[in-house]
Amino acid sequence: MAKWVCPRCGFSADLFSGYYWKCPRCGSPLDIVFEPVYRVSGSGLSRHSGLLPFPPLKSIGEGGTPLVVIDSSSRLLFKLEYLNPSGSFKDRGSSLALTYAYRSGFKRVVEDTSGNTGISITLYSRVYGLEPVIYMPRDAPPGKKKLIRLLGGRIVETNSRGEAMKKVLEASRNAFYVAHTWNPLYILGASTISYEVYEEGEIPDYAIVPVGSGGLFLGIMRGFETLYKLGLIKKIPVPIIVEGVSSYPVYKALHGEHGLKGTSRLADGIMVPEPPRLDDIIIALEKYHGRIILVNDEEIKTALRELIDYGFIVEPTSATVWTAYKKIRDELRGKDILLPLTGSGLKMIEELLKIMRE
Ligand SMILES: Cc1ncc(COP(=O)(O)O)c(C=O)c1O
Ligand SMILES: [Zn+2]
């Protein structure tokens, strides 16, 4: 049976005996431990239920995103995560988190986020008949706020991220606090990306992944690790993680200040100054001999235009992987490179129009 487990202090509890967004004993991020079985049937996220702690209950088409392969100086494997139901890979984790909330009998769902996760949680709350309340800073992107409202989410505006966090904690006493930057269901959701890539017959040499809270990165690595442990693959991709020059906690922890010019405000999805799983990110990066690439707004704008030339309508945060690839293209010659394209540009038409006109 699946269990909550704290890798730091050893706390353990049956998964459905109670909900913990962090370890109730020592406050660390929790893991979910279970016996994965490679048994596939059906489509989308539920296809890999044997590799998840429980199956998603109501599918609205999450997962099973296209893998577009483009032969260039490397083989580029673009995983179109922006084609998920709410326009980002977050739907994989939200599908599991909201299944959990529904099965556990919660009625209200609360979260502090300004971006894609808020939209994703609101959509899945609606599907499961739960009431979402999203706490976010007043200056969050207007297009994303509108979509949350359209989907029936109640937005509580705050003066800062810190205030959003404080208020959501108060509200979490009688609601399901998703806490996506802590919640291991978002890692497990993202692990299905790797299962899908494997089933397309691809085991990339490298994976270039944008890192905010690290859920996507840790998920992709966990997926390939699980396939490796099950004896299905013989190598694990070398990770290349991407951070912005304005917010680079992983880079800072490993190498200190960077001294580069510019800002990376456009990459709002990876502006997470204190990711709760920083230690795990560093461990995974070092274990697989990966590296970090930092990007700025000017580079992101160019990359975004180029991705749209390819036909990929993504948001600026997603274009960071293309920027990173171009910086080390020569080193990656002849290799197979996984590039997840994480979020849809259709939520940010005004911002994209501005970038395209510049
Ligand atoms: C479009 C997009 N890409 C990448 C990320 C980074 O994902 P993670 O927080 O799992 O590292 C986010 C997070 O919000 C996002 O919205
Ligand atoms: Zn603990």
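Going by the structure above, here's the rest.
Residues numbered from 1 in each chain as written. Chains lettered and ligands numbered in written order. Predicted model: local features only at pLDDT ≥ 70, side-chain atom pairs only at ≥ 80, totals over all residues.

Draft legend 1. Structural context of the sheet that holds strand E7 (residues 131-137). Here we have four strands laid out as an open sheet, ordered E8-E7-E6-E9, and parallel in their pairing. Two strands in the sheet have a free side with no partner beyond their single neighbour: strand E8 (154-158) and strand E9 (176-177). As judged from the five bridges shared by E7 and E8, these two strands associate in the parallel manner. Counterpart to isoleucine 134 in the pairing with E8 is isoleucine 155. (Pairing = 2+ DSSP bridges. Helix = DSSP H or I, 4+ residues; strand = E, 2+ residues; numbered from the N terminus.)

Draft legend 2. Seen up close, the packing of helix H5 (residues 184-199) against helix H6 (residues 215-229). For the pair H5 and H6, interaxial distance at closest approach is 6 Å and the crossing angle is 55°. By the angle between their directions, the pair H5 and H6 is classed as oblique. The two elements H5 and H6 meet at a crossing, and its hand is right-handed. Note on element contacts: H6 touches H5 through Gly215, Leu216, Leu218, Gly219, Ile220, Arg222, Gly223, Phe224, Thr226 and Leu227, opposite Tyr186, Ile187, Leu188, Gly189, Ala190, Ser191, Thr192, Ile193, Ser194, Tyr195 and Tyr198. In terms of residue class, the contact of H5 with H6 is made up of 12 nonpolar, eight polar and one charged. (Axes fitted to C-alpha atoms, helices over the stretch in contact; angles between N-to-C directions. Parallel < 35°, antiparallel > 145°, perpendicular 65-115°, else oblique. Left-handed = near helix turned anticlockwise from the far one by under 90°. Contact = placed C-beta atoms within 7 Å. Nonpolar A, V, L, I, M, F, W, Y, C, P; charged D, E, K, R; others polar.)

Draft legend 3. Quick peek at the pairing of strand E10 (residues 206-210). Among the five residues that make up E10, five are buried, leaving the element largely enclosed by the rest of the structure. Covered by surrounding structure in E10 are Tyr206, Ile208 and Pro210 together with Ala207 and Val209, the residues of both alternating faces. The pairing of E10 with strand E11 (residues 238-244) spans five bridges and is parallel. Paired with alanine 207 across the two strands is proline 239, which belongs to E11. Crossover handedness for the path E10 to H6 to E11: right-handed. (Buried ≥ 20, exposed ≤ 12 C-beta atoms within 10 Å, placed from the backbone. Right-handed = clockwise from strand over helix to strand, strands pointing away.)

Draft legend 4. Structural detail: the nonpolar core. Ile208, Val209, Phe217, Ile220, Ile241, Ile337 and Leu339 are the most contacted members of the largest nonpolar core, which has 86 residues in total. A domain split of this core shows at least three residues from each of domain 2 (67-87 + 184-357) and domain 3 (90-177). (Core = buried A, V, L, I, M, F, W, Y, C linked by C-beta atoms within 7 Å. Domains from an automatic or database assignment.)

Draft legend 5. Seen up close, unusual backbone geometry. One non-glycine residue with positive phi stands out, namely alanine 179, at about 50°. On the basis of neighbour counts, which here come to 24 C-beta atoms within 10 Å, the residue alanine 179 falls in the buried class. You will see that histidine 289, though not glycine, has its phi angle at about 55°, which is positive. Along the chain, the position of histidine 289 falls in the loop between helix H8 (278-287) and strand E12 (291-295). The class of histidine 289 is exposed, set by 8 C-beta atoms lying within 10 Å.

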